[in-house]
Amino acid sequence: EGVGPMEYTLIKMKVLEPLPPVFEKVKDRNIFLVAATLRPETMYGQTNCWVKPEIRYMASELKNGDIVISTERSARNMSYQLITADFGKMVKVDSVGRGGYLTGQDLLGAKLRAPLTSHDHLYVLPMMNVRDDKGTGIVTSVPSDSPDDFAALRDLQKKEALRSKYGITEEMVKYDPIPIIDVPDLPPASADPKYQGLAAVFLVESDKTLVSQNDQEKLTVAKELVYSKGFYEGVLRVGPYKGKKVQDVKKKIQQELIQSGDALLYFE
Ligand code: A2H
């Protein structure tokens with residue numbers, strides 16, 4: 001952890017029909033899951049959204065009336081940052097779920113619309129490594145560039161028992177990693193060209209001892225490598241900034257997401 005607050009981009013993902021039963025009483029409202037990311041430029045490659053089934057989430061209201069789902073801790077932070085209501089005045093939406101509270105379980109399989117990704121809609125899926133004390137407790141999934149995301153998506157794609165435990169269908173996990181960023185030497189020139197633009201997939205698949213999302217130590221090593229290399233040396237392969245270095249356009253992409261109403265700035 002560095003000194004002073006970290007700046008995150010909160011990505012707003014709209015909950016689409018059919019709405020999960022917890023939203024029965026707020027059908028006419030705009031409901032968003034909000035995810036904190038350090039890599040807004042990777043939203044071109046989002047394939048799904050992660051929640052942890054056991055975490056308790058809360059529904060709160062933005063100044064414009066949008067309903068946002070996050071942990072209570074982050075909802076409180078948002079209110080102090082004037083994202084939700086007046087300073088420190090968190091507005092809980094009691095008509096959602098059980099008195100404004102719901103669990104990750106209630107959100108599994110929900111259909112979302114997310115900004116920048118090439119997919120018209122994507123799904124809320126379970127990941128065990130989501131923490132309730134960081135960001136909003138909701139995480140965007142970019143398996144091309146995040147080893148954690150790739151390992152967790154691969155688990156769900158391979159394991160029918162895991163899917164059925166959480167009521168996840170094959171349809172919801174059929175989204176393959178999208179090549180969005182070229183990272184020099186990841187993969188190295190000698191590797192199978194199928195890994196081009198898929199740095200995290202290359203690292204995870206190259207380590208045969210990294211078998212699931214539970215291999216946290218190995219995932220941390222891969223994560224540090226792809227994160228620093230991707231940020232300092234990565235070049236976008238898609239979108240209006242195709243051919244540009246991630247470092248040079250990250251801020252612009254963040255600003256555009258904020259201007260279009262698809263994202264918010266958030267600190268913690
Ligand atoms: B990042 P830091 Cl492509 N629990 O977004 C677990 N992980 C969480 C989280 C939570 N409650 N909230 C946010 N995160 C993840 C994209 C991404 C991220 C890519 C590559 C690396 C990367 C897509 N997932 O993060 O501990 C989110 O994943 C590498 C560090 O606050 C967020 O950015 O430094 C990152 O962790 C924030 O991590």
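Let us look at the structure shown here.

Calculation notes
Residues numbered from 1 in each chain as written. Predicted model: local features only at pLDDT ≥ 70, side-chain atom pairs only at ≥ 80, totals over all residues. Helix = DSSP H or I, 4+ residues; strand = E, 2+ residues; numbered from the N terminus. Rg over C-alpha atoms; globule rule 2.2 N^0.38 Å. Buried ≥ 20, exposed ≤ 12 C-beta atoms within 10 Å, placed from the backbone. Contact = placed C-beta atoms within 7 Å. Pairing = 2+ DSSP bridges. Axes fitted to C-alpha atoms, helices over the stretch in contact; angles between N-to-C directions. Parallel < 35°, antiparallel > 145°, perpendicular 65-115°, else oblique. Nonpolar A, V, L, I, M, F, W, Y, C, P; charged D, E, K, R; others polar. Near = placed C-beta within 6 Å. Expected span 1.5 Å × (residues − 1). Arc of directions from axis to C-beta. Left-handed = near helix turned anticlockwise from the far one by under 90°.

Moving on, we come to the overall build of the protein chain. A count of helical and extended segments in the protein chain gives 7 helices and 12 strands. In summary, the protein chain has a C-alpha radius of gyration of 18 Å against a globular reference of 18 Å for 268 residues, a match within 12%. Evaluated residue by residue, the protein chain yields a buried proportion of 44% over its 268 residues. Sequence separation of 24 or more characterises 68% of the internal contacts of the protein chain that already satisfy a separation of 6 or more.

A separate point is the pairing of strand E4 (residues 56-61). Pairing analysis gives 3 bridges linking E4 to strand E6 (residues 101-103), with the strands arranged antiparallel. Bridge pairing in E6 places Met-58 opposite Tyr-101. Relative to strand E5 (residues 67-70), E4 runs antiparallel, the two sharing 4 bridges. Counterpart to Glu-61 in the pairing with E5 is Ile-67. Hairpin remark: E4 followed by E5, antiparallel, with 5 residues in the connecting loop; positive phi at Gly-65, about 95°.

Running from amino to carboxyl end, helix H3 (residues 147-158) crosses helix H6 (residues 216-233) at an angle of 130°, the nearest separation of the two axes being 8 Å. Here H6 runs oblique to H3, going by the angle between their axes. Across the interface between the two elements, Pro-147, Asp-148 and Ala-151 from H3 touch Leu-219, Ala-222, Lys-223 and Val-226 from H6. The residue makeup of the contact of H3 with H6, split by class, is 5 nonpolar, no polar and 2 charged.

This part covers the site of the ligand. Surrounding the ligand, one finds 21 residues, the nearest of these being Thr-37, Gly-135, Val-142, Asp-145 and Ser-146. Those elements that provide at least two residues to the shell around the ligand are strand E2 (31-37), strand E9 (139-141) and H6. It is E9 that contributes the most residues to the shell around the ligand, 3 residues altogether. Classifying every residue of the shell around the ligand by side-chain character gives 7 nonpolar, 8 polar and 6 charged.

Because an α-helix packs 3.6 residues into every turn, residues spaced three or four apart end up facing the same way. Compared with an ideal rise of 1.5 Å per residue, which puts 18 residues at 26 Å, H6 spans 25 Å between its outermost C-alpha atoms and is within 8% of the ideal. Looking at H6, one finds that the buried residues are Leu-219, Ala-222, Val-226 and Gly-230. Along the axis of H6, the buried residues cluster in a sector spanning 70°; they form a single face. Among the exposed residues of H6, those oriented more than 90 degrees off its buried face are Glu-217, Thr-220, Glu-224, Ser-228 and Tyr-232. Where H6 is buried, its residues touch H3, strand E10 (181-182), helix H5 (199-206) and helix H7 (246-259).

What follows concerns the environment of Thr-47. Topologically, Thr-47 is positioned in the loop between E2 and strand E3 (48-51). Once the C-alpha coordinates of Thr-47 and Ser-144 are considered, the two residues, 97 residues apart in sequence, prove to be 9.4 Å apart. Not counting residues within four places of it along the chain, the set of residues in contact with Thr-47 comprises His-119, Leu-122, Ser-141, Pro-143, Leu-153, Tyr-175, Pro-177 and Ile-178.

As a further point, take the environment of Val-249. Relative to the assigned elements, Val-249 resides in helix H7. Put simply, Val-249 and Glu-41 are 208 residues apart on the chain and 7.9 Å apart in space, counted from C-alpha to C-alpha. Setting aside its immediate chain neighbours within four residues, Val-249 contacts Glu-41, Leu-236, Tyr-241 and Lys-244.

Two elements in contact, H5 and H6, have axes separated by 10 Å at closest approach and are oriented at 155°. With respect to their mutual orientation, H5 and H6 come out roughly antiparallel. The crossing of H5 and H6 is right-handed. For the pair formed by H5 and H6, the contact residues are Ala-199, Ala-200, Leu-203 and Val-204 on the first element and Ala-222, Leu-225, Val-226 and Gly-230 on the second.

Glancing now at unusual backbone geometry. The peptide bond linking Glu-17 to Pro-18 adopts the cis configuration, its omega dihedral lying at -5°. Of the consecutive residues Leu-186 and Pro-187, the connecting peptide bond is found in the cis state with omega at 5°. Located in the positive-phi region is Leu-116, a residue other than glycine, with phi close to 70°. Within the secondary structure, Leu-116 sits in the loop between strand E7 (111-113) and strand E8 (122-126). According to the C-beta neighbour criterion, Leu-116 is buried, with 21 such atoms within 10 Å. Although it is not a glycine, Asp-185 adopts a positive phi angle of roughly 70°. Following the sequence through the fold, Asp-185 ends up in the loop between E10 and H5.

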